[in-house]
Amino acid sequence: MSTAILVEGLVKSYNRVPVLRGVSFSVRPGEVYGLLGPNGAGKTTTLKSLVGLVRPDDGRIELCGYNVATHRLQALSCTGYVPELTVGFDYLSVREFLEFVSSLRGLRWAEIEDYVERLVNLFELERYMDEFMGKLSRGTVQKALVISALMSRPKVLVMDEPTSGMDPESQRVFREEVSRLAREGAAVVLSSHLLYNVERLCTRVGILHKGVIITEGSIDEIRRKAATGENSTLED
Ligand code: ATP
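Since this is a predicted model, take the numbers as computed values, not measurements. (Residues numbered from 1 in each chain as written. Predicted model: local features only at pLDDT ≥ 70, side-chain atom pairs only at ≥ 80, totals over all residues. Heavy atoms only, no water.)

Asker: Explain helix α3 (residues 94-104) to me, please; I cannot follow it from the model alone.
Answerer: Quick reminder: α-helices carry 3.6 residues per turn. Residues three or four places apart thus point the same way. Along α3, the residues classified as buried are Val94, Phe97, Leu98, Val101 and Ser102. Viewed along the axis of α3, the buried residues span an arc of 130 degrees, placing them on a single side of the element. Tucked into the core, α3 has its buried residues touching α4 (109-122) and α5 (138-150). Note on α3: the residue one or two positions beyond its end, glycine 106, has a positive phi of about 70 degrees. (Buried < 20%, exposed > 50% of the residue type's maximum accessible area, 1.4 Å probe, protein only. Helix = DSSP H or I, 4+ residues; strand = E, 2+ residues; numbered from the N terminus. Arc of directions from axis to C-beta. Contact = heavy atoms within 4.5 Å.)

Asker: I tried to follow the side chain of serine 191 on my own but got confused; where do I start?
Answerer: Positionally, serine 191 belongs in strand β8 (residues 187-191). Residue classification places serine 191 among the buried positions, given a relative accessible area of 0%. Residue contacts for serine 191: discarding those within four places in its chain leaves Leu35, Lys43, Leu47, Met159, Asp160, Glu161 and Pro162.

Asker: Explanation requested: the nonpolar core in the structure shown.
Answerer: The tendency in soluble globular proteins is for nonpolar side chains to be buried side by side. The biggest cluster of nonpolar side chains holds 43 residues, and the ones touching the most others in it are Val94, Leu98, Ile147, Met159, Phe174 and Val188. Top element by residues in this core is α5. It accounts for seven residues. (Core = buried A, V, L, I, M, F, W, Y, C linked by side-chain atoms within 4.5 Å.)

Asker: How do you make sense of unusual backbone geometry when you look at a structure like this?
Answerer: In terms of backbone geometry, most residues other than glycine have negative phi values and most peptide bonds are trans. For arginine 16, which is not a glycine, the phi torsion comes out positive at approximately 65 degrees. Positionally, arginine 16 belongs in the loop between β1 (5-14) and β2 (17-27). For lysine 210, which is not a glycine, the phi torsion comes out positive at approximately 50 degrees.

Asker: Where do I start with the site of the ligand in this structure?
Answerer: Near the ligand the following residues occur: Tyr14, Val19, Pro38, Asn39, Gly40, Ala41, Gly42, Lys43, Thr44, Thr45, Glu84 and His193. One nitrogen or oxygen atom from the side chain of asparagine 39 is found 3.3 Å from an oxygen atom belonging to the ligand. Within the contact set of the ligand, an oxygen atom lies 2.9 Å away from a side-chain nitrogen or oxygen of lysine 43. Coverage of the ligand by the protein amounts to 58% of the 630 Å² it exposes when considered alone. Here the shell around the ligand is composed, by residue class, of four nonpolar, six polar and two charged. (Near = heavy atom within 4 Å. Polar contact = N/O pair within 3.5 Å; in protein donor to acceptor, adjacent residues only side chain to side chain. Areas by Shrake-Rupley, 256 points an atom, 1.4 Å probe, with all protein chains shown as cover. Nonpolar A, V, L, I, M, F, W, Y, C, P; charged D, E, K, R; others polar.)

Asker: Honestly, the environment of valine 27 in this entry has me stumped. Any pointers?
Answerer: Looking at where valine 27 falls in the secondary structure, it is placed in strand β2. Sequence separation of valine 27 and aspartate 57 is 30 residues, and the distance between their C-alpha atoms is 22 Å. With residues up to four places along the chain from it excluded, the contact list for valine 27 reads Thr3, Ala4, Ile5, Tyr33, Ala187, Val188 and Arg204.

Asker: Just to check I follow, could you spell out the pattern of salt bridges for this structure?
Answerer: Side chains carrying opposite charge are able to pair once their charged atoms draw close together. In total, this model carries 13 salt bridges according to the counting rule given. The partner of glutamate 216 in a salt bridge is arginine 204, with the nearest N and O atoms 3.6 Å apart. Of the two residues, glutamate 216 sits in strand β10 (residues 212-217) while arginine 204 sits in strand β9 (residues 204-209), which places them twelve residues apart along the sequence. Residue class for glutamate 216 comes out partly exposed when judged on its relative accessible area of 30%. (Salt bridge = Lys/Arg side-chain N within 4 Å of Asp/Glu carboxyl O.)

In short, the description is geometric, and any link to function would need to be established separately.
Below, the structure written as structure tokens:
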């Protein structure tokens, strides 16, 4: 499959206010695509549309070759998702949360236990395993969410501000594990405000501005374009 994430002409309005005005991009297996842009540009709306949490007014989304509008289950079962803000799960411990997600995904705990344990150690989450999710700091919750998305080794990984509140060492672990998954053939799309992470992780980025991707390329290409004024909206 040459394209694992395909987004074509995504359009969405909230209360008749246009938020996405024809967003298009694609991500191949092995690529890590960074969706960047100012607050309110439409990053979260785009990523939620990918995983079926927002219904676009128009456009087409395919994950792993499945159209999300018509083959939602197949599309979502090959996809891991890290939301921007957690909802619910406050009264599950981290351990219960991970086991719950694994059962939702139809994973056998015995088969993934070693991998999960490795991630828990790398993210230094051991001492929080029996704490309620609702009692944890933002960064610690993010680590649990990232592990829950990585543990099925998805073919497609969609992440909205995944490293918010994470300490620098955990961000390094995050970059390493996401890169590893991409090397194994996953297609990854993530939004982030942390240019530092994006520079080190993303093979390609797209700049979303007022609901449209105004430029795409490697970080170096985007910087060159901005420096030569090829895309003046980048400076807004
Ligand atoms: P941020 O970086 O601040 O998270 P973003 O690029 O992710 O921004 P979105 O969260 O997609 O942007 O929001 C785009 C616009 O849509 C914003 O103006 C936001 O207020 C608006 N919006 C988002 N969700 C809703 C909603 N459910 N109802 C109405 N307006 C919404």
